[in-house]
2 protein chains.
Amino acid sequence: MSEISSLGEFGLIDHLTDKLTVVNTSTLRGVGDDAAVMHYASGDDVLITTDLLLENVHFDLTYVPLKHLGYKAAVVNFSDIYAMNGTPRQITVSLGISSRFTLEHIEELYAGIRLACEAYGVDIVGGDTSASHQGLVISITCIGDAPRDKIVYRDGARPTDLICVSGDLGAAYMGLQLLEREKVASAGRKDFIPDFAGKEYLVERQLKPEARRDIIAALAEAGIRPTAMMDISDGLSSELIHICIRSKTGCRVYEDRIPIDYQTAVMAEELNMNLVTAALNGGEDYELLFTVPLADHDRVRKIDGVHVIGYITEEKLGCAMVTRDDAEISLKAQGWNPLKADDK
Amino acid sequence: MSEISSLGEFGLIDHLTDKLTVVNTSTLRGVGDDAAVMHYASGDDVLITTDLLLENVHFDLTYVPLKHLGYKAAVVNFSDIYAMNGTPRQITVSLGISSRFTLEHIEELYAGIRLACEAYGVDIVGGDTSASHQGLVISITCIGDAPRDKIVYRDGARPTDLICVSGDLGAAYMGLQLLEREKVASAGRKDFIPDFAGKEYLVERQLKPEARRDIIAALAEAGIRPTAMMDISDGLSSELIHICIRSKTGCRVYEDRIPIDYQTAVMAEELNMNLVTAALNGGEDYELLFTVPLADHDRVRKIDGVHVIGYITEEKLGCAMVTRDDAEISLKAQGWNPLKADDK
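Only a predicted model underlies this, so the values are computations on that prediction, with no experimental measurement involved.

**Considerations on the interface of chain A and chain B**
- At the interface, 73 residues of chain A touch 73 residues of chain B.
- Interface area, chain A with chain B, both sides summed: about 5800 Å², of which 57% is carbon and sulfur.
- On the surface where chain A and chain B come into contact, there are 6 salt bridges.
- Asp34 of chain A serves as the salt-bridge partner of Arg154 of chain B, at 3.2 Å between the closest nitrogen and oxygen.
- The biggest single contributor to the side of chain A that touches chain B is strand β3 (residues 44-54) of chain A, with 10 residues.
- The pairing of strand β2 (residues 36-38) of chain A with strand β3 (residues 44-54) of chain B spans 3 bridges and is antiparallel. Within the sheet, the bridge partner assigned to Met38 of chain A lies in β3 of chain B and is Val46 of chain B.

**Observations regarding the pattern of salt bridges**
- Within this structure, the stated rule accounts for 42 salt bridges over all chains.
- By sharing partners, the salt bridges in this structure join Arg205, Arg212, Asp214, Asp285 and Glu287 of chain A into a single network.

**Some words on helix α2 (residues 66-82) of chain A**
- Between the first and last C-alpha of α2 of chain A there are 25 Å, a value that for 17 residues agrees with the 24 Å anticipated at 1.5 Å per step.
- Of all the 17 residues making up α2 of chain A, 15 are buried; the element is thus mostly covered by neighbouring parts of the structure.

**Let's talk about the packing of helix α5 (residues 200-207) of chain B against helix α8 (residues 262-271) of chain B**
Residues and elements named next belong to chain B.
- Where α5 meets α8, the closest approach of the two axes is 8 Å, and the angle between their N-to-C directions is 100 degrees. If you check the angle between α5 and α8, you find them roughly perpendicular. Between α5 and α8, the residues in contact are Glu200, Tyr201 and Leu202 and Gln263, Thr264 and Met267, respectively.
- Per-class residue counts for the contact of α5 with α8 are 3 nonpolar, 2 polar and 1 charged.

**With respect to the packing of α2 of chain A against helix α3 (residues 103-120) of chain A**
Residue and element names in this part refer to chain A.
- At their nearest, the axes of α2 and α3 sit 6 Å apart, and the two run at 35 degrees to each other. α3 is crossed by α2, and the crossing has right-handed handedness. Of the residues in α3, those in contact with Leu66, Lys67, Leu69, Gly70, Tyr71, Ala74, Val75, Phe78 and Tyr82 of α2 are His105, Glu108, Leu109, Ala111, Gly112, Ile113, Leu115, Ala116, Cys117, Ala119 and Tyr120.
- When the residues that make up the contact of α2 with α3 are grouped by side-chain class, the tally is 15 nonpolar, 3 polar and 2 charged.

**Details of the relation of the copies chain A and chain B**
- Turning chain A through 180 degrees and shifting it by 0.0 Å along the axis lays it on chain B, with an RMSD of 0.0 Å. What the superposition gives is, in effect, a two-fold axis relating one chain to the other.
- Counting the interface residues of chain A, we find that 100% of their copies in chain B are interface residues as well, pointing to one common contact surface.

**With respect to the environment of Arg148 of chain B**
- Note that Arg148 of chain B resides in the loop between β6 (137-147) and β7 (162-166).
- The partly exposed category is assigned to Arg148 of chain B, whose relative accessible area is 45%.
- Arg148 of chain B sits 104 residues away from Asp44 of chain B along the chain, and the two C-alpha atoms are 5.8 Å apart.
- With residues up to four places along the chain from it excluded, the contact list for Arg148 of chain B reads Leu28 and His39 of chain A together with Gly43 and Asp45 of chain B.

**Things to note about the sheet that holds strand β11 (residues 306-314) of chain A**
Residues and elements named next belong to chain A.
- Sheet architecture is open: 7 strands sit in the order β8-β10-β7-β11-β9-β12-β13, paired in mixed fashion. Pairing within the sheet leaves two strands with one partner each, and these edge strands are β8 (228-231) and β13 (328-330). Geometrically, the sheet is characterised by an average inter-axis angle of 25 degrees between neighbouring strands, direction not taken into account.
- In the sheet, strand β9 (residues 249-254) pairs with β11 via 5 bridges, with the strands oriented antiparallel.

**Quick notes on unusual backbone geometry**
- Unusually for a residue other than glycine, Asn272 of chain A sits at a positive phi of about 60 degrees.
- Here Asn272 of chain A lies in the loop between α8 (262-270) and α9 (275-281).
- Taking relative accessible area as the criterion, Asn272 of chain A reaches 72% and is therefore assigned exposed.
- Even without being glycine, Tyr286 of chain B reaches a positive phi, approximately 55 degrees.
- With respect to the helices and strands, Tyr286 of chain B occurs in the loop between α9 (275-281) and β10 (288-292).
- For Tyr286 of chain B, a relative accessible area of 8% puts it in the buried group.

**Re the sheet that holds strand β6 (residues 137-147) of chain A**
- Across the sheet, 6 strands lie side by side as β5(A)-β4(A)-β6(A)-β3(A)-β2(B)-β1(B); this open sheet has mixed pairing. One side of each edge strand has no neighbouring strand; the edge strands of this open sheet are β5 (123-131) of chain A together with β1 (27-29) of chain B. If you compare each strand with its neighbour and ignore which way they point, the axes differ by 20 degrees on average.
- In the sheet, strand β4 (residues 87-97) of chain A pairs with β6 of chain A via 9 bridges, with the strands oriented antiparallel. Counted as the bridge partner of Ile91 of chain A is Cys142 of chain A from β6 of chain A.
- Here α3 of chain A sits on the sheet and contacts β4, β5 and β6 of chain A; the angle it forms with β4 of chain A, its principal contact strand, is near 170 degrees.

**Some thoughts on the state of the cysteines**
Residues and elements named next belong to chain A.
- For the coordinates displayed, the defined rule picks out 0 disulfides over all chains.
- Just so you know, Cys117 is unpaired, no disulfide at all, and the nearest cysteine sulfur is the one on Cys142, 8.1 Å from it.
- On the basis of relative accessible area, Cys117 is assigned to the buried category, the value being 4%.

**Things to note about the pairing of strand β5 (residues 123-131) of chain B**
Residue and element names in this part refer to chain B.
- Burial of β5 is extensive: 8 of the 9 residues sit out of reach of the surface.
- When strand β4 (residues 87-97) meets β5, the two strands line up parallel, connected through 8 bridges. Within β5, the position partnered with Ile91 by the bridge is Ile124.
- Between the parallel elements β4 and β5, the chain passes through helix α3 (residues 103-120) in a crossover that is right-handed.

Calculation notes
- Residues numbered from 1 in each chain as written.
- Chains lettered and ligands numbered in written order.
- Predicted model: local features only at pLDDT ≥ 70, side-chain atom pairs only at ≥ 80, totals over all residues.
- Heavy atoms only, no water.
- Contact = heavy atoms within 4.5 Å.
- Buried area = accessible area lost by both parts, 1.4 Å probe.
- Salt bridge = Lys/Arg side-chain N within 4 Å of Asp/Glu carboxyl O.
- Helix = DSSP H or I, 4+ residues; strand = E, 2+ residues; numbered from the N terminus.
- Pairing = 2+ DSSP bridges.
- Expected span 1.5 Å × (residues − 1).
- Buried < 20%, exposed > 50% of the residue type's maximum accessible area, 1.4 Å probe, protein only.
- Axes fitted to C-alpha atoms, helices over the stretch in contact; angles between N-to-C directions.
- Parallel < 35°, antiparallel > 145°, perpendicular 65-115°, else oblique.
- Nonpolar A, V, L, I, M, F, W, Y, C, P; charged D, E, K, R; others polar.
- Left-handed = near helix turned anticlockwise from the far one by under 90°.
- Least-squares fit on C-alpha atoms with pLDDT ≥ 70 in both.
- Disulfide = S-S within 2.5 Å.
- Right-handed = clockwise from strand over helix to strand, strands pointing away.

Structure, rendered in structure tokens:
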């Protein structure tokens, strides 16, 4: 086990960023100066997004492996850039490290970040490291680019547009419930073997989410430019309301169209939770929610992994879900709220 | 006093970023989507830098007012962009907020950040807010731009180049010592009135540093492009060694040329500290350290607030300070190291 303090701040940065390779032509200079230097094609706009992850607020190291944590911390930023219909290019990584972490721990974390960057073709160009008297702090900023006429905002949805989501919803939330249940069951015993049999998908969705680069590519290939788009980090319900408020529209989504995996359903049953509520409000799915003109119906339907779940309405009709028995229930933004006192 | 939890995350962001105005033409869309959108002139490169500030590691709220803290957190990032000979344009602001902070506290902090942005013409374009179970966490990323042929790196110093610094050194460090002394003297008493008489400059340098935009402008006006430059955040000694290592050179600086303010000298005397050591290793001065070709000597000498303190040598001569009695002492990077266990 190596003490981080023996390296010092600059030594640690040098160590972690050693042999970093650069894959994007837009990256001119990475780590090692007062600032990184980039250059983007003159027709492209630059996108920037940032995410702050704090120990015991956003992650619990009892069951989150550091490498997975690093991977996820990077991927959730890439997801935001894809949600603009852009391409992530660079990240900066700031870490606050408390004294209980060894160099090997931080290498694990950084290995996960690097793995995500390799998988998505993103360069690490800078960052900051510091001691933390608190827990682990991870702050990642991601820069991306996109031709101006391709960028998709949240405010472009229009009545009659179709509402689409990629993948399935609620699995990451159910994965979190499962991990929490096994943590309680283990009662801190080191020899405890958690039981994830038949629920591997849920655990993977929670611990190692992916950004839907494939969907962005498929939409481009199909010649579809969404009218509005965002990624689902706080739950479908909350994100749909966002798009509708920003677009000054309402919406209708059909309960029976919301894509839910079999394992998610089994887990909800075991926990005696309402399955649709979990899918609407669960969060951390990192799927894409987007709207397309009605005329794109046939083309969007053919894209593997995309589901049409409803349509955009006039604003005055509000945001509602149409249940299996044809009742309308108002959508509420009950997404995970890390500032609410009653949340952990 | 208002509870932050009553607003929720989105409510807090909306509240803090309400009525934000945008002054840079490069800012196309700020807060409110998955990512902010910028566009830079086709001849310009994009610069990015980031800084993580953690309570009780980088700041002590016993004596740091929140508004000053916000101002400083923004300015230290601007300083990094100026140190590349660029112009800061946008920042993202991520905050981790523990439950002991009220909405008014966070408004104070944010008011300081906004004040700095107004003073330096920078736009707030995004960020993230979260609960923190620990102390206050501030992570700011700054984006700037510069014409490619104007950017100054750390690796361009050449033998015979003159070494210059702006302003004076060691005052911020002495300000910190003074604030710590008064904190101890107060022993937690609320009615305690700290004694800063005659040392106001030191307190200001510690609590409200400025980035040297004026020096960058003066250099441009004088037609001087530094060969290497960085800002002094960890101490002159550490930064000079950085430039020399990156430039594969050595250096000589003259002890009697290092600019030191009278108040800094008085404080060092009071604390029985070596004044030159404080000026070499104190840190947090946010002055600019740069090298210029020997031929620029007359022009650089005329710039108000710039001091020529030495010259660059061949690498084999190493980095040394020439003392008042003509002895040579090797420079050591004893700068503040927030990862060392013995630092607070």
